[in-house]
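A structural walkthrough
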Amino acid sequence: MSKPITLFTGQWADLTLDDVAKKASTWGFDGLELACWGDHFEVDKALENDSYVKSRWDILNKYNLKCFAISTHLVGQCVADDPIDERHKRILSPRLWGDGDPEGVRQRCAEEMKNTAIAAKKFGVSIVNGFTGSSVWKNLYFFPPTNQDDINKGYADFAARWKPIMDVFAKNGVKFALEVHPTEIAYDLVTARRALDAIGNHPAFGFNFDPSHFIHQFIDPVEFVNDFGEHIFHVHVKDSHVQLTGRNSILSSHLDFGDSRRGWDFISPGRGDVKWDQIVRALNRVGYKGPLSIEWEDSGMDREWGAPEALQMIRKQDFTPSNVAFDAAFAAKK
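The residue count restarts for each chain, going from 1 along the sequence in the order it is written. Only residues with pLDDT of at least 70 get local features here, since the model is predicted, and only at 80 or more are side-chain atom pairs given and counted; chain-wide, interface and lining totals rely on the full set of residues. With hydrogens and water excluded, all non-hydrogen atoms of the structure serve as input to the side-chain values.

The helix and strand labels rest on DSSP assignments: H or I over at least four residues marks a helix, E over at least two residues marks a strand, and numbering proceeds from the N terminus. Looking only at helices and strands, the protein chain has 13 helices and 10 strands in total. It is over C-alpha atoms that the radius of gyration is taken, and the globule rule equals 2.2 Å times the number of residues to the power 0.38. The C-alpha radius of gyration computed for the protein chain amounts to 20 Å, which stays within 12% of the reference 20 Å derived for 334 residues, consistent with globular compactness. If one aligns the C-alpha atoms of the protein chain with their principal axes, the spans along those axes are about 75 × 55 × 40 Å. Only protein chains enter the accessibility calculation, which uses a 1.4 Å probe; a residue whose area is less than 20% of its type maximum is buried, one above 50% is exposed, and one in between is partly exposed. For the protein chain, the residues scored as buried account for 52% of the 334 residues in total.

On to the pattern of salt bridges, then. The salt bridge criterion pairs a side-chain nitrogen of Lys or Arg with a carboxyl oxygen of Asp or Glu, the two atoms within 4 Å. By the definition in use, this model includes 25 salt bridges. With a closest N to O distance of 3.0 Å, Arg-106 and Glu-103 form a salt bridge. On the criterion of helical spacing, the pair formed by Arg-106 and Glu-103 is a turn pair, its members being three residues apart in helix α7 (residues 102-123). For Glu-103, a relative accessible area of 30% gives the class partly exposed. A salt bridge links Asp-210 to Lys-238; its shortest N-O distance comes to 3.7 Å. With Asp-210 in the loop between β6 (205-209) and α10 (212-215) and Lys-238 in the loop between β7 (232-237) and β8 (239-242), this residue pair connects regions lying 28 residues apart in the sequence. Assessed through its relative accessible area of 2%, Lys-238 is described here as buried. Three or more residues are tied together by salt bridges with common partners; here these are Asp-82, Glu-103, Arg-106, Lys-138, Asp-157 and Arg-161.

Turning next to unusual backbone geometry. A cis amide bond, omega 10 degrees, links Asp-82 with the succeeding residue Pro-83. Mapped onto the elements, Pro-83 comes out in the loop between α4 (73-80) and α5 (86-91). Of the consecutive residues Phe-143 and Pro-144, the connecting peptide bond is found in the cis state with omega at -5 degrees. For Pro-144, the location among the structural elements is in the loop between β4 (127-130) and α8 (148-171). Phi angles above zero are rare outside glycine, and Thr-183 is one such case at about 90 degrees. Its location among the elements puts Thr-183 in the loop between β5 (175-179) and α9 (189-198). Unusually for a residue other than glycine, Ser-253 sits at a positive phi of about 60 degrees. Examined against the element boundaries, Ser-253 turns out to sit in the loop between β8 and β9 (264-267).

So, in structure tokens, the structure goes:
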């Protein structure tokens, strides 16, 4: 049986949930992955009033849509980030930003993450996707010289901040899926393993697998699935394209997404460098049965053209694994 295909609403948060749900239903999506920003899923309202949770399901049911996960990338980023600055102020609500004191921001966002687990349980989903932030990402390039003691302190800081949050997730029967991603505590295979080790392989902590974030690192996304299949709680369908010309680099020169001078860019699923057949085979091999959630990002294409095209692409790619060996019939008795 093929996997449900959902649309992540994070890039559609300028629209009301009703508007996004109507579009997704018309296009043929099976459900939505609700972002915890815009009016799509607001954690504080979910905890304050049962009618708010019902209102979200009323909209989903109205359009015959399911929901398997909510996502809180913006708040999660601020739990362990260093520095905390004006960029974070732009993505947080005033109640979480407060007076902007960095440690105060981190602590408020940590409490919000705990509340998100409780709200997810109340809403009836068992997966929360998001970011963790990182105090060591700023040390990616080791100059001034950085040593492993400095990096180890960063992973210890991550664990100290996130383990209490994961305990609340576990208590509520909810899992947190970190989207392995540059700027996070885990951004490749080595750092994913390091993050798992740091947090003691906490059962509530795993990964949201998004192959697009490995492409411009020249990592085969299938290798991530092979190594971390049991820790993959959720999957994003997103694509990227390397466009090195000899004049640019994967560092992309501080240019905005969509600028043709970048060394790589996100692109509509099916039009980039991700080999979806291999991804689907790998996910089938490790037994992943959860949703495939399209996170649509392409600055050069209208999203209302791209999202339904991406849906049709992944529907064609997501085949059911075989339950027989094709050559077994050769030995069949007459």
